[in-house]
Amino acid sequence: MEFDAVLLPPRREHSVARGWWPERTINDALDAALAAWPDKVALTAVSTATGQTTQLTYAALADAAERLALGLLRRGVGRGDVVACQLPNGWPFEVTYLACARIGAVLNPLMHIFRERELSFMLRHGEAKVFIVPQQFRGFDHAAMARALQHELDALRHVIVVGEAAAEESFDAVLMAGEPAATDAERAQMQASRARPDDVMQLMYTSGTTGEPKGVMHSANTTFSNIDAYAQRMRLGCDDVILMGSPLAHQTGFMYGLMMPIMLGASAVMLDVWDPSNAVRLIQAHGVTFTMASTPFLTDLTKTVAAGGETVPSLRAFLCAGAPIPGPVVEQARKVLGAKIVSAWGMTENGAVTLTRLEDDDTRASTTDGCPLPGVELRVVDVDDRDLPTGETGRLLVRSCSNFGGYLKRAQWNGTDAAGWFDTGDMAWLDAPGYVRIAGRSKDVIIRGGENIPVVEIEALLYRHPAVATVAIVAYPDERLGERACAVVVPRPGQSIDLPALTAFLASHKVARQYWPERLEVREALPTTPTGKIQKFKLREMLQTGE
């Protein structure tokens, strides 16, 4: 497979000279952790379906990675080949990534919710040679789906199933193919094939709001440059224990739940299905110090701790990303959990871009999305690419050492100019100290009669209404004004809400009448991505079709 990561070479010299690209790979990090802490627990993985907990030391993790790498090598997988996996959080996922790095293969993580329609495109577009799936997960037969897809995909040579009884193409069989030990020739081949810092090592598809998913290409240098800066800002090190309940097939889970603990020589705790009660138990049992997830995870954890009278004294920080965090959520979580709540913003294309600081006032987490990490620059521009003054909302551009290498086979969509500025597709404003506030996707902006409605700020205010559990404000077409605003609300249990009550609440907070929603839809739930982001495009479709 040839990867057209055209955005990497132009910035290599500058990024290395500035010390942003560390010229290390996950192989180097694993080797270092193995040498320093062979008997330290690297990974604790919990299977919700079986209740089984698996722990691997760094020595066991490295051994499993070597054996799986050899098993893949003996099945014809080598440098530049794509290995796709649709695995839940757990040790097979981590070992698969590490094995790919050992032989220079590229991992393509795929969300477990994807089915034939999404997978047939992604596997074909990425020319996956191997597809690793669970036999079943959450009641769905992934093995049967994968084997059916294999008949349609010429490049797909192997479907490997985790949890299947011993068979030639089971995960266990491939893992055990590492016995007998590698020959001298195989060891030499593996050493020569190892991933290099600028090689594409990850192919991750954007979940996509409309149109075709895009294959984001990352190298060790782009990801390591981000994780190093992220860990330093969060003051994380080898003594930390990191809980990851967000999917590893999403950049949040992959970079900060899988890669970061190995890079730090820390310990990771993985939960395959989010359950706040299990999360509390794991935090207590393993002394978890840090976790990262979206707002619904934070809300769930806070409610569970408050309701059960539990405490989680080891948890120092909860980094929340994916959408602005409502002020009441920050206040309650800080009070109940005792942990610092950190807000952040980022994308699949560049990982975390902005984070609040641990020393910031708590209000920063609810009023901003943080300030840039080292090696990151931001611009807010108008439609003509002219820089806007502080406080004015415009298109957000990012130039970062962690920016991706491009979209696979779709260089025309890379959205990056000759100076390296990437158009994020988000609207935002910057304050005087350089903190950013995301105002929504450019396509989510509501322009009512020529006036931009500050959607994020109105949503944050409505979260303070005692009857509102979740809210999203989206546009609907209007012949005279172009667009009007609709509030889609999930009420709190036992509460009801109507439009007059909603607008009276906004009036009491002195909100300009032009910013009030002019329509209300009450729902039992809102459509979200697996990481908790509200899918506003689906809400707009619902309004247009009257669903």
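Before any of the text, the structure's been laid out above.
Residues numbered from 1 in each chain as written. Predicted model: local features only at pLDDT ≥ 70, side-chain atom pairs only at ≥ 80, totals over all residues. Heavy atoms only, no water.

I tried to follow empty space enclosed by the protein on my own but got confused; where do I start?
In this approach the atoms are scanned with a rolling probe the size of a water molecule, which exposes any empty space left behind. Scanning the entire structure with this criterion turns up two cavities of 30 Å³ or more. Estimates place the volume of the largest cavity at around 80 Å³. Lining the largest cavity we find Thr25, Ile26, Asn27, Tyr97, Cys100, Ala101, Ala105, Ala195, Met201, Ala220, Phe224 and Met259. At the level of secondary structure, the elements contributing two or more residues to the lining of the largest cavity comprise helix H2 (26-36), helix H4 (91-103) and helix H9 (220-233). Sorting elements by how many residues they give to the lining of the largest cavity places H4 first, with three residues. Its residues assigned to classes, the lining of the largest cavity shows 10 nonpolar, two polar and no charged. (1 Å grid on protein atoms, 1.4 Å probe; cavity = no way out; pocket = protein on both sides within 12 Å on 5 of 7 lines; lining within 4 Å. Points joined across faces, edges and corners; volume = space filled by probe spheres on them. Helix = DSSP H or I, 4+ residues; strand = E, 2+ residues; numbered from the N terminus. Nonpolar A, V, L, I, M, F, W, Y, C, P; charged D, E, K, R; others polar.)

Hey, could you run me through the packing of aromatic side chains in this one?
Two measures describe an aromatic ring pair: the distance that separates the ring centres and the angle between the ring planes. Evaluated as defined, the whole model comprises nine aromatic pairs. Look at Trp274 and Phe297: their rings are 4.7 Å apart centre to centre, the planes differ by 45°, and that puts the pair in the tilted class. Here Trp274, found in the loop between strand E12 (267-271) and helix H11 (276-286), pairs with Phe297, found in helix H12 (residues 295-308); they are 23 residues apart in sequence, far enough to count as distant. A relative accessible area of 21% places Trp274 in the partly exposed class. The class for Phe297 is buried, based on a relative accessible area of 7%. A ring pair is formed by Phe404 and Phe422, whose centres lie 5.3 Å apart and whose planes are at 65°; its orientation type is edge-to-face. With Phe404 in the loop between strand E19 (394-400) and strand E20 (422-430) and Phe422 in strand E20, the pair connects residues that are 18 residues apart, well separated along the chain. Residue classification places Phe404 among the buried positions, given a relative accessible area of 1%. The side chain of Lys40 reaches across the aromatic face of Trp37, ending 4.9 Å from its centre. Taking the ring centre of Phe140 as reference, the NZ or CZ of Arg115 above it sits at 3.7 Å. (Phe/Tyr/Trp six-rings, centres within 6.5 Å; stacked < 30°, edge-to-face > 60°. Buried < 20%, exposed > 50% of the residue type's maximum accessible area, 1.4 Å probe, protein only. Lys NZ or Arg CZ within 6 Å of the ring centre and 35° of its normal.)

I keep staring at the side chain of Arg540 and nothing clicks. Help me out?
Its location among the elements puts Arg540 in helix H17 (residues 536-545). Accessibility expressed as a relative area gives 17% for Arg540, which makes it buried. Leave out the neighbours within four places in its chain, and Arg540 touches Lys443, Asp444, Val474 and Ala475. (Contact = heavy atoms within 4.5 Å.)

For this particular structure, what's the right way to read the environment of Gly309?
With respect to the element layout, Gly309 can be found in the loop between H12 and strand E14 (317-321). Taking the C-alpha atoms as reference points, Gly309 and Leu68, separated by 241 residues in sequence, lie 44 Å from one another.

Sorry, what's going on with the pattern of salt bridges here?
Here the idea is simple: oppositely charged side chains can pair when their charged atoms come close. Under the defined criterion, the tally for this structure stands at 33 salt bridges. The salt bridge partner of Arg399 is Glu377, with a shortest N-O separation of 2.9 Å. Taken together, the residues Arg399 in strand E19 and Glu377 in strand E18 (residues 376-381) connect sequence positions 22 residues apart. Here Arg484 makes a salt bridge to Glu518, at a shortest N to O gap of 2.3 Å. Here Arg484 is found in strand E25 (residues 482-491), whereas its partner Glu518 is found in the loop between helix H16 (499-508) and strand E26 (519-522), with 34 residues between them in sequence. By relative accessible area, which is 28% here, Glu518 ends up partly exposed. Overlapping salt bridges, with partners in common, bring together Asp31, Glu66, Arg102 and Arg194 in one network. (Salt bridge = Lys/Arg side-chain N within 4 Å of Asp/Glu carboxyl O.)

Is there a simple way to think about the sheet that holds strand E24 (residues 468-478) in this case?
Pairing is mixed across the open sheet formed by three strands, whose spatial order is E24-E25-E26. At either margin of the open sheet sits one strand with a lone partner, and together these are E24 and E26. Ignoring which end each strand starts from, the neighbouring axes of this sheet average 25° apart. H17 contacts E24, E25 and E26 of the sheet and is inclined by roughly 60° relative to E24. (Pairing = 2+ DSSP bridges. Axes fitted to C-alpha atoms, helices over the stretch in contact; angles between N-to-C directions.)

How do you make sense of the sheet that holds E14 when you look at a structure like this?
Across the sheet, which stays open at both edges, the nine strands sit in the order E2-E1-E12-E11-E13-E14-E15-E16-E17 with mixed pairing between neighbours. Looking along the sheet, the strands with just one partner apiece sit at the ends: strand E2 (53-57) and strand E17 (371-372). Bridge count between strand E13 (residues 290-293) and E14: four bridges; the pairing is parallel. Within E14, the residue paired with Ala293 across the bridge is Cys320. Of the strands in this sheet, strand E1 (41-46) and E2 touch helix H3 (residues 58-73), which is tilted by about 90° from E2.

What am I meant to see in the layout of surface pockets here?
One number sums up the size of the second largest pocket: a volume of about 630 Å³. Lining the second largest pocket are 24 residues; nearest its centre among them are Ser47, Thr50, Pro88, Pro92 and Val162. Elements supplying a minimum of two residues to the lining of the second largest pocket: E1, H4, strand E6 (136-137) and helix H7 (171-176). When residues of the lining of the second largest pocket are assigned to their parent elements, the largest contribution, three residues, is made by H4. The class makeup of the residues in the lining of the second largest pocket is 12 nonpolar, nine polar and three charged.

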